[in-house]
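Breakdown of the fold
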Amino acid sequence: MNRRRRFWMYFGTAAAASAFVFGLCFLVSLLLGGRFANITVYWLTLWLAFTAAVISAFGMAVTFIDQQTQAHSLRLKNKRISENYRFLEEKMAETAALRHEFCHQLTAMDCLCQKDDMEGMRQLLTRMMQEQADQTPVFFTKNHTINTILQDAAARAKQLNLSFRASAFTPEELPIPDQDLCTLLLNMLDNALEGAAKVSPEHSRHLHIQIKMVNQYLAVKCENSFDGIWKKDKDGNLMTTKEDTLSHGFGCRQMRKIAEKYDSTILFHPKNDTVFVVETALKLPVP
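In this report, the structure presented in the accompanying data block is examined. None of the values given here were measured: they were computed from a predicted structure.

**With respect to the pattern of salt bridges**
For the structure shown, the criterion picks out five salt bridges. Between D190 and R156 there is a salt bridge, and its shortest N-O distance comes to 2.7 Å. A residue pair is termed long-range when its members are at least 10 positions apart, and D190 in helix α5 (residues 178-197) and R156 in helix α4 (residues 144-159) qualify at 34 residues. Taking the shortest distance from any N to any O, the salt bridge between D180 and K261 comes out at 2.8 Å. In this pair, D180 is assigned in helix α5 and K261 in helix α6 (residues 250-261), connecting sequence segments 81 residues apart. A single salt-bridge network, built from bridges that share partners, covers D152, R156 and D190.

**Considerations on unusual backbone geometry**
With an omega dihedral of 0°, the bond running from S200 to P201 counts as a cis peptide bond. Position of P201 relative to the elements: it lies in the loop between α5 and β2 (206-214). For N161, which is not glycine, the phi dihedral falls at a positive 60°. Secondary-structure assignment places N161 in the loop between α4 and β1 (163-169). On the accessibility criterion, N161 (46% relative accessible area) is partly exposed. Phi at N215 takes a positive value of approximately 55°, unusual for a residue other than glycine. Taking relative accessible area as the criterion, N215 reaches 73% and is therefore assigned exposed.

**Quick word on the sheet that holds β1**
Pairing within the open sheet is mixed, and its five strands lie in the order β1-β2-β3-β7-β6. For this open sheet the edge positions go to β1 and β6 (266-270), each flanked by a neighbour on one side alone. This sheet shows a mean twist of 10° between the axes of neighbouring strands, independent of strand direction. Bridging between strand β3 (residues 217-225) and strand β7 (residues 275-283) involves nine bridges; their strand directions are antiparallel. Residue pairing across strands places L218 opposite L282, the latter belonging to β7. On the sheet, α5 packs against β2, β3, β6 and β7 and is oriented at approximately 15° with respect to β3.

The rules behind the values
- Residues numbered from 1 in each chain as written.
- Predicted model: local features only at pLDDT ≥ 70, side-chain atom pairs only at ≥ 80, totals over all residues.
- Heavy atoms only, no water.
- Salt bridge = Lys/Arg side-chain N within 4 Å of Asp/Glu carboxyl O.
- Helix = DSSP H or I, 4+ residues; strand = E, 2+ residues; numbered from the N terminus.
- Buried < 20%, exposed > 50% of the residue type's maximum accessible area, 1.4 Å probe, protein only.
- Pairing = 2+ DSSP bridges.
- Axes fitted to C-alpha atoms, helices over the stretch in contact; angles between N-to-C directions.
- Contact = heavy atoms within 4.5 Å.

Purely geometric numbers; function is a separate question.
Here is the structure:
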């Protein structure tokens, strides 16, 4: 009934060990003239059935956790797609509004030229240049993936009325797949933004992320304001503070898996009662 290769590997090991133990007991019982030799097959069958049930239950639990993790990854990807689509719609609307406003500004400039109002022309050009500077996305780093993630986080931070600072010093190309970078940084920034958004008053909300190369490592450190509430399990892993623990809490596990994949670990700890820190250093593969 269970065709998973992992099940048969575990079951085969358990069966071999059980057969050895029961065979040894059988020989000892046979030499001593005991009754155990007559019921060995019965007890061996009963024991292997129990072992198979335990292994199957364990396999079902592992499969359930894997499915939950995959579902979380899919929700994260869908969320990115939805946000990118919404972002594109907003940009299109902004572009249309800017085009409309630009036509008005051209009309105003034409009127000022006809009046020879150089001072009015200078003020209008100054305002237009300032508006252009405010609308230009901030450039963080040469790496396109990291730069895009940070630009998205900066836009969301602005919507949440929190101070966002990012310093990223990375080369244009990294020997890390974009999928791993996205899993690590998106989960980290999502948690940081969510934690900072809970803080009151709004002027005390902040998020600061640092990404830089240190020898053969990609060091990442994220600090955000938080409300002072955080939980850990008995193994020291960070736990979600949401009531639905089955649907949440996978972000930290995924970040930990990425860190372990690159021979590292990830630390979650409060800096003080108002600042929470997440940091890691990924060992870059040697090309």
